[in-house]
Amino acid sequence: MAAAGHMRGLLRVPPGWRCGSCRARSSAAACPPAGQVRQAFLRFFQEQHGHRLVPSAPVRPRGDPGLLFVNAGMNQFKPILLGTAHPRSELAQYQRVVNSQKCVRAGGKHNDLDDVGRDVYHHTFFEMLGNWSFGDYFKEEACGMAWELLTQIYEIPKDHLYITYFGGDASLGLSPDEETRDIWLSLGVPPSHVLPFPLRENFWEMGETGPCGPCTEIHYDHVGGSRHAAGLVNQDSPDVVEIWNLVFMQYSRETDGSLRPLPQHHVDTGMGLERLVTVLQSKRSNYDTDLFTPILDAIHKGCGGPGYQGLVGAADVGSVNMAYRVVADHVRTLSVCIADGVYPGMSGAELVLRRILRRAVRFCFEVLHAPPGFLASLVPAVVEVLHLLELPQRCHGTANGRRGGIHATSKGWRGGCETGDTYPELRKNTNQIMNIINDNEAAFLSSLLRGRRIIDRTLQQMGPSKLFPVEVAWSLYGNLGFPLDLIGLMIEEKGIQLDWAALDQLAQEDAKRKARTHQAEQLEGSGVRLDVHSLAQLQRDGVPTTDDSPKYAYTLGQNGRYAFSPCQATILMLYKDQSLQKEVGAGQRCGVLLDRTSFYAEQGGQAHDRGYLVLLGQQDVLFPVESVQFSGGYVIHEVTAPETLQAGDQVLLFVDEAQRLACMVNHTATHLLSFALRRVLGDQTEQRGSHVTAEQLRFDFSTQAPVTTQQLQEVEGVIQEVVDQNEIVYMAEVPLALASGIQGLRTMDEVYPDPVRVVSVGVPIESALMPNSQAAMQTSVELCCGTHLLQTGAVQDLTITSERQLVKGISRIIAVTREQAKLAREVGQSLAKEVDSLSARVKQGSSSLPEVQSLSKEVGHLTEEVGNTVMPQWQRRELQAILKALQRAANTAIRKLEIRQAAEKAQGLLEKHSKQPVIIDTISSDSLSILMKVVNQLCDKSPGASVLLLSPQASGEVLCACQVSKSALPTFSAADWALAVCTHMGGNAGGSGIVAKGTGNTKDLQGALTAALEFARSRL
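Going along each chain's sequence as written, the residues are numbered from 1 onward. Thresholds applied to this predicted model are a pLDDT of at least 70 for local features of residues and 80 or more for the giving and counting of side-chain atom pairs; totals over whole chains, interfaces and linings are not thresholded and use all residues. The side-chain numbers reported here are obtained from all heavy atoms of the structure, hydrogens and water having been left aside.

Novice: Tell me about the packing of aromatic side chains, and please be specific about residues and values.
Specialist: Pairs were defined over the aromatic rings of Phe, Tyr and Trp, the Trp ring being its six-membered one, requiring ring centres within 6.5 Å. Orientation was assigned from the angle between planes: stacked under 30 degrees, edge-to-face over 60, tilted for the rest. For the structure shown, the criterion picks out 20 aromatic pairs. A ring pair is formed by Tyr 612 and Phe 654, whose centres lie 5.1 Å apart and whose planes are at 20 degrees; its orientation type is stacked. Of the two residues, Tyr 612 is situated in strand E20 (residues 611-615) and Phe 654 in strand E24 (residues 650-655); the sequence distance between them amounts to 42 residues. Take Tyr 612: its relative accessible area is 29%, and that puts it in the partly exposed class. The partly exposed category is assigned to Phe 654, whose relative accessible area is 31%. An aromatic cluster is defined as three or more aromatic residues linked by ring pairs; in this entry it consists of Phe 41, Phe 44, Phe 45 and Trp 244. A ring is considered to have a charge above it if a Lys NZ or an Arg CZ atom is located within 6 Å of its centre and within 35 degrees of its normal. When the ring centre of Tyr 552 is taken as origin, the NZ or CZ atom of Arg 757, which lies over that ring, is 3.5 Å away. Numbering of helices and strands runs from the N terminus; a helix is a DSSP stretch of H or I covering at least four residues, while a strand is a stretch of E covering at least two. Classification of residues uses two cut-offs on accessible area relative to the type maximum, computed with a 1.4 Å probe and protein chains only: under 20% is buried, over 50% is exposed, and between them is partly exposed.

Structure (structure tokens):
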């Protein structure tokens, strides 16, 4: 009891802090701001229980392609749970951790998007408060800490809290988690408030395989009092809600579905900040807390109309309150995602974000009747709300909180801690966030206009059918992002329906196709990786991690050639069928663990080395290395053994030197490209990803505006200058804290080992590390584990062969080096000469329609070749601009010649059919375009006449074109006329009431003319 009293003294809440159920005790009680709620959680675990405070990871997952967004606090700690964290990284040192993680649940397995707005507690973006133990404390300590925080620090009444625990599962051979039940009972929780639940509610799993275990949840009863609410737990009651989940990871789900005990036990807890604040601020809705009210106020101020009242369902007339919630939630999600580099786009997380944006825009326009640009105008309110949630940065107290504790002041909980901006990226990128939202809103509104026109045209062409074409609806949805429900509303007004069953089928097929593609990509990039049990066994058995420093053992000789040092190693263990083995027989595929290696394992965006192993003394038998992967400090070489391999065997390693050197060239070139882009486009340009292979390099980066042709040339020029100077590339391992202080250092959102490898072009590492040194500002200095050239001259040349925007604000460059770059330039020059020659012939002109049509086809073929050939991107753009102008000129010449030819034919027909109300005839015409022009000119010169012309072709096809006098409408329709004639010829036709065209195939031309005349007489 004395210890608890001391704790309350250290972490005493400000005067007036009471949860909603305590309001009767203090009617004048002030609601605790969300920022203080957050700080209390973090400081409780940091200062009182020795947890390390870790910042939130960005919402884009690190190295987890199977995940669209970070959707739980544990995502950034998966390498620890799987045992794959680099042993020298800070991540591997974590034992007790606390943080507040930005999470997005929209798309994928955890998808709350469609529920947002319908109720008062679903969100696409939320904050997850969590504490973790990695092989340290377990159930008893975790439950005790949680109960202490809730009941003593936040002072939530104990009788409002209900606890659930895992009730067991006989089919899996799992007994009830009575240990957890007894812990809660020992903490004083009444037995009637401790409830067992089955696997669905109280057994947590990371995925289909991997760490898992029972969990215990804490639920809060908003009503409380003397009532017993156990029957409402886990019943989706708005009165009894889950606020905290404590997961005890003690098993691993294997590929066969079985459960194996984990080598180490872990604790993973998660409590939604929004729900906790709702409880502590005496609210029943998350949207009524200070996390949302400033945004809701900004919405009301910006669009006028009725204010937010918190109504749901039938009471929410016109869905106005739902619109408030949708817009408030979605603008938070958009702001956080864009600040973290996830922009609205066409696939993956970007596609989900585009749907979120478009959903918000629809509610802004259709329900709130807001003006254009309104959604973006809410971003400053979001920034201000989230900025006020301050994060403790540095505390002067000790780990156990004996000094520097949290105490009440006029400014809230300050104590001996300094606080910092929780989301500095939001404030830094506010203008960019607003610009991206505005640009995407404008694009969506433009898509809506195009979509409406397509829908109207489709409805006109449908005939008697009452079902809208499924393929058109799906195309509108997939290509224009046109919401399916909006299509349904628009066509229902016309008495037409959508075939929802067929659309669901298309959606399922699309999902299966994407899943197959994703699975294929994963298989393509996968190699042998050690499982968590094997990693733990290696560590228990004292098997040392792989010494991979020989991969850097190469020199540059006087002749300019690289020499790679030989490497001899010992097989420590073999890995096959998810188990460690001492021996693997001939013909079997396995992973080889060595004590040392000169092979580069796939990491840092660089492809793994290729090569082979040979047994010492048996150099005539090669063991080709198919992939090289890195897991928890161990390098695994995947081979198919032609002969038996055994632990203890001595092997010689031979890296494919040509492939390695090509990767070195392209990796160093990637660093030069990053530097050049910042030099040309500005320091705000940031790397978003890269991939280096022997064939090419790929580089993704953020940019404020599209990269111009001139800027591409300037970037290549900056790189060539550094290459020509043959600068020395300095590399050294430096303590991470020291390296992070280098001014001008380029880093990525990655977990780096400590010490970390620094790669500097032209500037010695020692110079860059000097206090206040500006040396790194004028060159490329990056943290990188890749293999690099020792001097830049070996790059020889770099050509950017592609540059395109992946999404608004993110561009991707593909480039080649050395001989490939030289070849690309030569090809570009050759194509430039072809374009010059063609340009001269087009400008010379011709009076022959076939000649001009032939030139037009040449322009088209050359345009396609320029678009698909590997060549300098800046030159491609220049040639494409010239070819576009040539195509326009050729098309204009064709049109003029066709009009002249049509006029001549029309004059002949006019003389033949002078002043007749219906003209039906055949003429020779090379194209449907010319035939239509003859019809048009004939009608212009013979007002009031309706004309239908047929033109037989050498192939047997018959072209048909017609125009009906406006005075004959609506009884006489050109579309119906052409359709009747072309149907008679076994073909088809389409058009409007005035003009139409089509084709058929018949030898009875006279019969077709007779059919045309009879149809016209029946309508006139």
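Novice: Could you give an account of the sheet that holds strand E31 (residues 810-817), naming the residues involved and the relevant values?
Specialist: Only strands that DSSP links by at least two bridges are regarded as paired with each other. Within the open sheet, the four strands sit side by side as E25-E26-E31-E30. Their pairing is antiparallel. Single-partner strands in this sheet number two, and they are strand E25 (687-692) and strand E30 (798-807). The mean inter-strand angle of the sheet, taken between neighbouring strand axes irrespective of direction, is 15 degrees. In this sheet, strand E26 (residues 697-702) lies alongside E25 in antiparallel orientation, the contact comprising five bridges. Opposite Gln 687, over in E26, you have Phe 701 as the bridge partner. Interaxial angles span 0 to 180 degrees and are taken between N-to-C directions of axes, which are lines fitted to C-alpha atoms, for helices over the stretch in contact.

Novice: Outline the pattern of salt bridges, listing residues and values.
Specialist: Only one rule defines a salt bridge in this text: a Lys or Arg side-chain nitrogen within 4 Å of an Asp or Glu carboxyl oxygen. On inspection of all chains with the given rule, the structure shows 31 salt bridges. With a shortest N-O distance of 2.6 Å, Asp 136 and Arg 96 are connected by a salt bridge. One end of the pair, Asp 136, is in the loop between strand E3 (125-134) and helix H4 (139-153); the other, Arg 96, is in strand E2 (residues 96-104), and 40 residues separate them in sequence. Measuring nitrogen to oxygen at the nearest pair gives 3.4 Å for the salt bridge that ties Glu 366 to Arg 362. With Glu 366 and Arg 362 both in helix H10 (residues 348-367) and four residues apart, this pair spans about one turn of that helix. Here the salt bridges do not stand alone but share partners, grouping Lys 102, Asp 340 and Glu 425 into one network.

Novice: Lay out helix H2 (residues 34-48) in plain terms, naming residues and giving numbers.
Specialist: Here, expected helix span is obtained from the residue count minus one, scaled by 1.5 Å. The end-to-end C-alpha distance of H2 is 21 Å, a good match for the 21 Å that 15 residues give at a rise of 1.5 Å each. With 15 of 15 residues buried, H2 lies mostly within the body of the structure. Gly 50 lies just past H2 and shows a positive phi near 65 degrees.

Novice: Before we move on, could you go through helix H20 (residues 709-724) and cite the residues and values that matter?
Specialist: Across its 16 residues, H20 extends 23 Å between first and last C-alpha, which sits within 8% of the 22 Å expected from 1.5 Å per residue. Along H20, the residues classified as buried are Leu 712, Val 715, Glu 716, Val 718, Ile 719, Val 722 and Val 723. Viewed along the axis of H20, the buried residues span an arc of 155 degrees, placing them on a single side of the element. Of the exposed residues in H20, those oriented more than 90 degrees away from the buried face are Gln 710 and Asp 724. Against helix H19 (657-681), strand E28 (756-761), E30, helix H23 (818-844) and helix H25 (873-912) lie the buried residues of H20. Following H20 by one or two positions, Asn 726 adopts a phi angle in the positive range, close to 50 degrees. The directions from the helix axis to the C-beta atoms form the arc being described. Should any heavy atoms of two residues lie within 4.5 Å, those residues are counted as being in contact.

Just distances and angles here, no functional claims.
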